[in-house]
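# Per-entry structural report
So the chains spell out like this:
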Amino acid sequence: MSTVSPSASILFSDLDVGVETDAPIGSMTWYGIGGRADLLIRPHTVEALETLCRRARRSGVPVRVLGSGANLLVADEGVDGIVLRLDHDAFRTLQYEPTPDGMLLRAMAGADLARTLMDAARRGLAGLEALAGIPASIGGAVRMNAGGRFGAIGGVVESVACLNRQGDRVVYPASELRFDYRSTNIPDPIIVSATLRLQESDPIALRRRVKEIFEFKKASQPLAEHSAGCSFKNPLDPVTEERVSAGRLIDAAGLKGLSIGGAAISRQHANFIVVDPGATAGDVRALMQHVRKRVLEHSGFELEAEVVIWERTEDSA
Ligand code: EPU
């Protein structure tokens, strides 16, 4: 079992935060499997978050942020350092500000993407509906430019507020940000909030669109099972310079339904790895390894994980 050194408490004992030691973060992810965190800290204010990050930086303690855990696999051995969860009320607020050509929405990083998009749709504000059915926190969605066939969040970002490695606040306007396929150029470890540009629209038509996109996803993806969405990024075809569906490549390699331990390739969409409650993170990793090898042999494409994997940084793992 993991332990937390008594000296670690000096980092947070006087701060307005909630602390849990040996926290079962694996079960907080969408996979619902994997190890624990030595320290799970929930700041109650932005100031507490800033101070904590500064102290952790000075002490060399690694800090990670757990969003909604929708694209994350926690190694069975768990993780050291500090895992932050920005799910206190202060990190979930939505603030609307009218502008001459629409509305700006400042969403704190811990706000749930689905609730944010429904809140905006109810107010007749368009811009986020392409993200229907994507499980994420706002911070996680911005960090990896969440999206799919219908669009990605980067298209509506006006600015992003972060804490840099020194624990100082930095705001990046859209003109300094690059949103690429499932990635951004945000250099800082912590996203605090994102300001999104929305347009007035008809609420009924908007809700119909959200429903259509969600239904489309439900028909093609195993949304009811435990998974972390797509396991691999769609690789670039060097000849056409277009992305090829990793799901199609895995399917073509004949891997649908293949399982290792409690992890299996979904029969509905081959880029989804679905897990039983008894599965280990090791099962998922072994299956991913196997898929990469078989797809490389079958089609020559090297698949890169889309799922983020957290492991211990210290040698004692
Ligand atoms: N296909 C197969 N077999 C499969 C899966 C797909 O033959 O098992 C074929 C489909 O029939 C279709 C093509 O491959 O002709 C593309 O499939 P799909 O439309 O499902 O798109 P995708 O490229 O596999 C991407 C994103 C998804 C996103 C969908 C939206 C990536 C890695 N995947 O999948 O994102 O929801 O488009 O349509 O970018 C995610 O990021 O977690 C994710 C699920």
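Quantities reported herein were computed from a predicted structural model and do not represent experimental measurements.

## Brief notes about the overall build of the chain
Summing up its helical and strand segments, the chain has 6 helices and 19 strands in all. What you see for the chain is a C-alpha radius of gyration of 20 Å, in line with the 20 Å of a compact globule of 317 residues. Oriented by its inertia axes, the alpha-carbon framework of the chain measures out at about 55 × 55 × 35 Å. Across the 317 residues in the chain, those meeting the buried criterion constitute 49%.

## A look at the sheet that holds strand β3 (residues 63–66)
The sheet built from 4 strands is open, its strands ordered β1-β2-β5-β3 with mixed pairing. Both outer strands of the open sheet, β1 (17–23) and β3, are each paired with one neighbouring strand and no more. Ignoring strand direction, the axes of neighbouring strands in this sheet form an average angle of 30°. Here β3 runs beside strand β5 (residues 79–85); their pairing, made up of 4 bridges, is parallel. Bridged to Val65 within β5 is Leu84. On top of the sheet, helix α1 (residues 46–59) reaches β1, β2 (37–43), β3 and β5; it is set at about 165° to β5, its chief contact.

## Let's talk about the packing of aromatic side chains
In total, this model carries 1 aromatic pair according to the counting rule given. Ring centres 5.5 Å apart and planes at 90° place the aromatic pair Phe150 and Phe216 in the edge-to-face group. One end of the pair, Phe150, is in the loop between β9 (147–148) and β10 (151–152); the other, Phe216, is in helix α4 (residues 203–220), and 66 residues separate them in sequence. Taking the relative accessible area as the measure of exposure, Phe216 reaches 36% and is therefore partly exposed. When the ring centre of Trp310 is taken as origin, the NZ or CZ atom of Arg64, which lies over that ring, is 5.5 Å away.

## Details of the pairing of strand β12 (residues 169–173)
The side chains of a regular strand alternate, first on one face of the sheet and then on the other. Of the pairings in the sheet, the one linking strand β11 (residues 157–163) to β12 comprises 5 bridges and is antiparallel in character. Within β12, the position partnered with Val160 by the bridge is Tyr172. With antiparallel pairing between neighbouring strands as the criterion, β11 and β12 make up a hairpin whose turn holds 5 residues, including Gly167 at a positive phi of roughly 85°.

## Concerning the nonpolar core
The biggest cluster of nonpolar side chains holds 55 residues, and the ones touching the most others in it are Leu49, Val142, Ile153 and Leu196. Look past the residues within four positions of Ile153 in its chain and what remains in contact with it is Leu113, Leu128, Leu131, Ala141, Val142, Asn145, Ala146 and Leu196. If you look at the next biggest cluster of nonpolar residues, it comprises 26 residues, including Leu73, Phe232, Ala253 and Val291.

## As for helix α2 (residues 113–122)
For α2, every residue scored as buried is listed here: Leu113, Thr116, Leu117, Asp119, Ala120 and Ala121. Its side-chain oxygen placed 3.3 Å from the backbone nitrogen of Ala114, Asp112 serves as the N-cap of α2.

## Here we look at the pattern of salt bridges
On inspection of all chains with the given rule, the structure shows 20 salt bridges. The closest approach of N and O atoms between Arg42 and Glu20, which form a salt bridge, is 3.6 Å. One end of the pair, Arg42, is in strand β2; the other, Glu20, is in strand β1, and 22 residues separate them in sequence. Given the relative accessible area of 29%, Glu20 is considered partly exposed. For Arg42, the salt bridge is made with Asp87, and the minimal N-O distance between the two is 3.0 Å. With Arg42 in strand β2 and Asp87 in the loop between β5 and β6 (94–99), this residue pair connects regions lying 45 residues apart in the sequence. Within this structure, Glu20, Arg42 and Asp87 form a network of salt bridges that share partners.

## Focus: the sheet that holds strand β16 (residues 259–260)
Across the sheet, which stays open at both edges, the 3 strands sit in the order β16-β17-β18 with antiparallel pairing between neighbours. This sheet does not close on itself; its edge strands, each paired only once, are β16 and β18 (273–275). With 2 bridges joining them, β16 and strand β17 (residues 263–265) adopt antiparallel strand pairing. Its bridge partner being in β17, Ile260 is matched across the sheet by Ala263. Against the sheet, helix α6 (residues 281–299) engages β16, β17 and β18, with an angle of about 30° to β17.

What counts and what doesn't
In this numbering scheme, every chain counts its residues from 1 along its sequence in written order. Local features are withheld for residues below a pLDDT of 70 in this predicted model, meaning they are given only at 70 or higher, and side-chain atom pairs are given and counted only at 80 or more; totals for whole chains, interfaces and linings count all residues. Side-chain metrics rest on all non-hydrogen atoms present in the structure, leaving aside hydrogens and water. Secondary structure elements are taken from DSSP: a helix is a run of H or I of four residues or more, a strand is a run of E of two residues or more, and numbering for both begins at the N terminus. With the radius of gyration taken over C-alpha atoms, the globule rule is written as 2.2 Å times the number of residues to the power 0.38. Here the term buried applies to any residue with accessible area under 20% of the maximum for its type, exposed to any over 50%, and partly exposed to those in between, with areas from a 1.4 Å probe on protein chains only. Only strands that DSSP links by at least two bridges are regarded as paired with each other. To get an axis, fit a line to the C-alpha atoms, keeping to the stretch in contact for a helix; angles then go from 0 to 180 degrees between the N-to-C directions. Working rule for contacts: check all heavy atoms of both residues, and any pair within 4.5 Å makes them a contact. Two rings belonging to Phe, Tyr or Trp (six-membered ring only in the last case) form a pair when the distance between their centres is within 6.5 Å. Interplanar angles under 30 degrees mark stacking, angles over 60 mark edge-to-face geometry, and anything in between is tilted. A ring is scored as having a charge over it whenever the NZ atom of a lysine or the CZ atom of an arginine sits within 6 Å of its centre and within 35 degrees of its normal. By convention a nonpolar core is built from buried Ala, Val, Leu, Ile, Met, Phe, Trp, Tyr and Cys residues, the set being connected through side-chain atoms within 4.5 Å. For this analysis, a polar contact is any N or O atom pair within 3.5 Å, provided that within protein one partner can donate a hydrogen and the other can accept it, and provided that sequence-adjacent residues contribute only side-chain to side-chain pairs. Salt-bridge detection follows one rule: a side-chain nitrogen of Lys or Arg within 4 Å of a carboxyl oxygen of Asp or Glu.

The quantities given are spatial measurements derived from coordinates; they are silent on function.
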